[in-house]
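An overview of the molecular structure
Listed below, chain by chain, are the residues.
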Amino acid sequence: MTSRRARRTVRSAGLVAVAAAAAFSLTACGSGDSNAAGQGTKDSAATSASHSTGNAGAAGDSKTDGSKAGASKAGGSQGGGDQSIADKSGTTAEAGPSLDHSQRLPDGSTAKIYQVGAQKYRADIVSHGSVLGSMVTHNTDAGLDFNDMFIVLGIDGSLHSWMGGGHQGPGTFTVAGDWKVKVTEPGEGHYRAQIIGHDGVAATLDANEHDEGLDANGIYMVLSASGVLSAHA
């Protein structure tokens, strides 16, 4: 009796041990599967993050490239602006005073007449390559006493010149074309000439510190700032 009871006890203990081992094995397998699943999840997340980072990088590169392209485009526009400025500069230079014509003067010098605007001309008196004097029309004819050489520049660019024939004012003088000219001196360095025709005063020259001139129906007159009057047909 005692011997059989001991064998059953030993057999039961063995069964318990086998059952425990099986349970441990199942538990170990469960933990492994869980860890594997977790690892898989982590790997999946890492892979997803990797793809996400890669896409972000690609987007960033695309944005950077776009910015660079924008900068390049802006640079191109700026270059075009510089070219435009250069073109404008060239246009301005071409639109400057243009030589209308040249004319020989009685004293041997040359008058170079430039058109500088609508009905606006400038005459430069040139000798041996040097400009000795200039005169400009300002909506009216211009006159100049240049060392007893008298010049009238018209608003149409025409130029008339002659030597001598001056009258020192104040006074009243009869000049070419039978015009009577009364020269007065309103102030120092200021002379005035009234051109008198059959119907009274036809025109007035006011030389206030600078010479004046006009075309009186084909009779050209100059009044200098020193009061000298000269007329020529």
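Residues numbered from 1 in each chain as written. Predicted model: local features only at pLDDT ≥ 70, side-chain atom pairs only at ≥ 80, totals over all residues. Heavy atoms only, no water.

Some points on unusual backbone geometry
Note that the residue after Gly169, namely Pro170, is joined by a cis bond; omega there is 0°. Relative to the helices and strands, Pro170 is located in the loop between strand 8 (167–168) and strand 9 (171–175). Even without a glycine there, the phi angle at Asn139 is positive, about 65°. Its place among the elements puts Asn139 in the loop between strand 4 (130–136) and strand 5 (142–146). For Asp178, which is not a glycine, the phi torsion comes out positive at approximately 60°. By the secondary structure assignment, Asp178 is in the loop between strand 9 and strand 10 (179–187). (Helix = DSSP H or I, 4+ residues; strand = E, 2+ residues; numbered from the N terminus.)

What to know about the nonpolar core
A general tendency of soluble globular proteins is for nonpolar side chains to be buried together. Ranked by internal contacts, the top residues of the largest apolar core, which has 17 residues, are Val175, Val181, Val183, Met221 and Leu223. Where this core is concerned, the elements lending two or more residues are strand 9, strand 10, strand 11 (190–197), strand 12 (200–208), strand 13 (212–216), strand 14 (219–223) and strand 15 (228–232). Filtering out sequence-adjacent residues up to four positions away, Leu223 remains in contact with Val183, Tyr191, Arg192, Ala193, Leu205, Ala207, Asp211, Glu212, Val228 and Leu229. By size, the runner-up hydrophobic cluster in this structure holds 14 residues, among which are Ala111, Ile113, Leu144 and Met149. (Core = buried A, V, L, I, M, F, W, Y, C linked by side-chain atoms within 4.5 Å. Buried < 20%, exposed > 50% of the residue type's maximum accessible area, 1.4 Å probe, protein only. Contact = heavy atoms within 4.5 Å.)

Thoughts on the pairing of strand 15
Burial analysis of strand 15 places four of its five residues in the buried class, which makes it a mostly covered element. The sheet contact formed by strand 8 and strand 15 spans two bridges and is antiparallel. Looking at strand 15, one finds that His167 is bridged to Leu229. As paired strands, strand 14 and strand 15 are joined by four bridges and run antiparallel to one another. (Pairing = 2+ DSSP bridges.)

Digging into the pairing of strand 6 (residues 149–153)
Here strand 6 lies mainly inside the structure; five of its five residues are buried. Neither face of strand 6 is exposed, since Met149, Ile151 and Leu153 on one face and Phe150 and Val152 on the opposite face are all buried. Relative to strand 6, strand 5 runs antiparallel, the two sharing five bridges. Considered in strand 6, the bridge of Gly143 is made with Val152. If you look at the hairpin formed by strand 5 and strand 6, you'll find two residues sitting between the two strands, and Asn147 has a positive phi there, around 55°. As paired strands, strand 6 and strand 7 (residues 159–163) are joined by five bridges and run antiparallel to one another. Directly across from Leu153, in strand 7, lies its bridge partner Leu159. Count of turn residues in the strand 6/strand 7 antiparallel hairpin: five residues, of which Gly157 carries a positive phi of about 90°.

Topic: the sheet that holds strand 6
Spatially, three strands are ordered 5-6-7 in an open sheet, and the strand pairing comes out antiparallel. This sheet does not close on itself; its edge strands, each paired only once, are strand 5 and strand 7. Looking at each pair of strands side by side, their axes are set apart by 15° on average, direction ignored. (Axes fitted to C-alpha atoms, helices over the stretch in contact; angles between N-to-C directions.)

Observations regarding the pattern of salt bridges
In this structure the tally under the stated criterion is two salt bridges. Between Arg122 and Asp124 there is a salt bridge; the shortest N-O distance is 3.1 Å. Across the pair Asp206 and Arg192 runs a salt bridge whose closest N-O atoms are separated by 3.3 Å. Here the residue Asp206 occupies a position in strand 12, and Arg192 occupies one in strand 11, the gap between them amounting to 14 residues. (Salt bridge = Lys/Arg side-chain N within 4 Å of Asp/Glu carboxyl O.)

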